[in-house]
Number of protein chains: 2
Amino acid sequence: MFNDEYFMKLALQEAQIAFAREEVPVGCVVVANGRIIAKSHNLTQTLNDVTAHAEMQAITAAADFIGGKYLQNCTMYVTLEPCVMCAGALSWSQISKVVIGARDEQRGFLNKNLTLHPKTEITTGVLAEECSALVKSFFQSRR
Amino acid sequence: MFNDEYFMKLALQEAQIAFAREEVPVGCVVVANGRIIAKSHNLTQTLNDVTAHAEMQAITAAADFIGGKYLQNCTMYVTLEPCVMCAGALSWSQISKVVIGARDEQRGFLNKNLTLHPKTEITTGVLAEECSALVKSFFQSRR
């Protein structure tokens, strides 16, 4: 029951909160030992802060919960492929696993020849259609 | 008098504060219209947070000062070449200019085929020796 889709659905719920706040709808949760230790959604507009991506907030919150800056036994579920900034932060965090919903061919890090920490496992395509549809719907509603 | 070296010296003072706190000594200031609107130093150890690089804090603080998330009329002076995470954040910020002290061949973004915003001007090598010496001295003291 507590599989990748289960946690990605929770990340999608976070993305939907962002959507309702007129933020680019990206959400994420961080899981350690089967427990959610952080959840967040994009808040760049609300906070007037380009660094307030869902992943950045979740990394800070998870480290705060753990009481240490490395996320070595953690998995992040994020609805959209992280950007260069967030990939850099994930790399510093030494996180164990990153599970990605939809790809972001333009802004995502996977096409940019960047790598995360050597110990970090990456999975893509979990609930990709739902995650992608939410972002597309957001940008269509803004036109 | 208020030239690049003047502001880099102030960034170096920030880096020295980091050094005294046993943080990797990187400092930065953000200048708009000749005024310093943000200054910061690396706080990753103190805050237990890999995202607490000097540049990240300065971007957030400068945007807060301006009341908008884009730093289009701002120059950042930073003692060490930004990493991938900070380069990604600077890119989102659309900052006008980044002035770099010492290069960071291993962790810096310049060797990684990443670009900042097309409108962002980049200058390197301002007080490079002083900036580099401080970082080297820090790592030598930790061995």
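Residues numbered from 1 in each chain as written. Chains lettered and ligands numbered in written order. Predicted model: local features only at pLDDT ≥ 70, side-chain atom pairs only at ≥ 80, totals over all residues. Heavy atoms only, no water.

**Student:** An account of the overall build of chain A is requested, with residue identities and associated values reported.
**Tutor:** A tally of regular secondary structure across chain A gives five helices and five strands. Over its C-alpha atoms chain A spans a radius of gyration of 14 Å, differing by no more than 12% from the 15 Å that the globule rule assigns to 143 residues. The C-alpha extent of chain A, read off along each of the three principal axes, is 40 × 35 × 30 Å. The buried share among the 143 residues of chain A stands at 54%. Look at the contacts in chain A between residues 6 or more apart in sequence, and 55% of them connect residues 24 or more apart. Surface exposure of chain A reaches about 6800 Å², of which carbon and sulfur atoms provide 47%. For chain A, the separation between the mean place of its 13 positive charges and that of its 14 negative charges on side chains is 2 Å. (Helix = DSSP H or I, 4+ residues; strand = E, 2+ residues; numbered from the N terminus. Rg over C-alpha atoms; globule rule 2.2 N^0.38 Å. Buried < 20%, exposed > 50% of the residue type's maximum accessible area, 1.4 Å probe, protein only. Contact = heavy atoms within 4.5 Å. Areas by Shrake-Rupley, 256 points an atom, 1.4 Å probe, with all protein chains shown as cover. Lys, Arg positive; Asp, Glu negative; His and termini not counted. Charge placed at Lys NZ, Arg CZ, Asp CG, Glu CD.)

**Student:** So, the pairing of strand β4 (residues 97-102) of chain B: which residues are in play, and what are the values?
**Tutor:** Residues and elements named next belong to chain B. A large share of β4 lies buried, amounting to six of its six residues. Handedness of the crossover is the feature at issue here: the chain leaves strand β3 (residues 74-80), passes through helix α4 (residues 84-93), returns alongside β4, and the resulting connection is right-handed. Relative to strand β5 (residues 121-124), β4 runs parallel, the two being bridged by four bridges. The partner of Lys-97 across the bridge, within β5, is Glu-121. (Right-handed = clockwise from strand over helix to strand, strands pointing away. Pairing = 2+ DSSP bridges.)

**Student:** Describe in detail helix α4 (residues 84-93) of chain A, supporting the description with residues and values.
**Tutor:** At 3.6 residues per turn, the α-helix brings residues three or four places apart onto the same side. Within α4 of chain A, eight of the ten residues are buried, which leaves it mostly tucked inside the rest of the structure. Those residues of α4 of chain A not exposed but buried are Val-84, Met-85, Cys-86, Ala-87, Gly-88, Ala-89, Leu-90 and Ser-93 of chain A. Those residues of α4 of chain A that are buried lie in contact with α3 (54-66), β3 (74-80) and β4 (97-102) of chain A together with α3 (54-66) and α4 of chain B. Positive phi shows up at Gln-94 of chain A, right after α4 of chain A, with a value of about 55°.

**Student:** Describe in detail the packing of α4 of chain A against α4 of chain B, supporting the description with residues and values.
**Tutor:** Between α4 of chain A and α4 of chain B, the least distance of the axes is 7 Å, while the angle of their chain directions is 160°. Relative to α4 of chain B, the element α4 of chain A is oriented roughly antiparallel. Of the two possible hands of crossing, α4 of chain A and α4 of chain B adopt the one that is left-handed. Residues Val-84, Met-85, Gly-88, Ala-89 and Trp-92 of chain A of α4 of chain A pack against Val-84, Met-85, Gly-88, Ala-89 and Trp-92 of chain B of α4 of chain B. Looking at side-chain class alone, the contact of α4 of chain A with α4 of chain B contains eight nonpolar, two polar and no charged residues. (Axes fitted to C-alpha atoms, helices over the stretch in contact; angles between N-to-C directions. Parallel < 35°, antiparallel > 145°, perpendicular 65-115°, else oblique. Left-handed = near helix turned anticlockwise from the far one by under 90°. Nonpolar A, V, L, I, M, F, W, Y, C, P; charged D, E, K, R; others polar.)

**Student:** Go over the packing of aromatic side chains, please, and point to the residues and values.
**Tutor:** Residue and element names in this part refer to chain A. Counted under the stated rule, the structure contains twelve aromatic pairs over all chains. Centre to centre, the rings of Phe-2 and Tyr-6 are 4.8 Å apart; their planes meet at 85°, and the pair counts as edge-to-face. Members of the aromatic cluster, each reached through a chain of ring pairs, are Phe-2, Tyr-6, Phe-7 and Tyr-77. (Phe/Tyr/Trp six-rings, centres within 6.5 Å; stacked < 30°, edge-to-face > 60°.)

**Student:** Help me get a handle on the state of the cysteines, residues and values and all.
**Tutor:** Residue and element names in this part refer to chain A. On inspection of all chains with the given rule, the structure shows zero disulfides over all chains. Left unpaired, Cys-28 is separated from the closest cysteine sulfur, that of Cys-86, by 8.5 Å. The cysteine Cys-131 is free of any disulfide, with Cys-28 supplying the nearest cysteine sulfur at 12 Å. (Disulfide = S-S within 2.5 Å.)

**Student:** I'd like a rundown of the sheet that holds β3 of chain A, residues and numbers included.
**Tutor:** Residues and elements named next belong to chain A. The strand order across the open sheet formed by five strands is β2-β1-β3-β4-β5, and the pairing between neighbours is mixed. On the outer flanks of this sheet lie β2 (35-41) and β5 (121-124), each paired with one strand and no other. For this sheet, the mean angle separating the axes of adjacent strands, direction not counted, is 15°. On the sheet, helix α5 (residues 128-141) packs against β3 and β4 and is oriented at approximately 60° with respect to β4.

**Student:** Account for the interface of chain B and chain A, naming residues and giving values.
**Tutor:** Chain B puts 25 residues into the contact, and the matching count from chain A is 25 residues. Taken together, both faces of the contact between chain B and chain A bury some 2100 Å²; the carbon and sulfur share is 68%. Per-residue buried area on chain B facing chain A is highest for Val-50, Lys-69 and Trp-92 of chain B; these three make up 33% of the total on that side. Summed over the shared surface of chain B and chain A, the number is zero salt bridges. At the level of elements, α2 (44-47), α3 and α4 of chain B are the ones that each hand at least two residues to the side of chain B that touches chain A. Looking at which element gives the most residues to the side of chain B that touches chain A, the answer is α4 of chain B, with six residues. (Buried area = accessible area lost by both parts, 1.4 Å probe. Salt bridge = Lys/Arg side-chain N within 4 Å of Asp/Glu carboxyl O.)

Interpretation note: all reported values are geometric properties and have no functional meaning in isolation.
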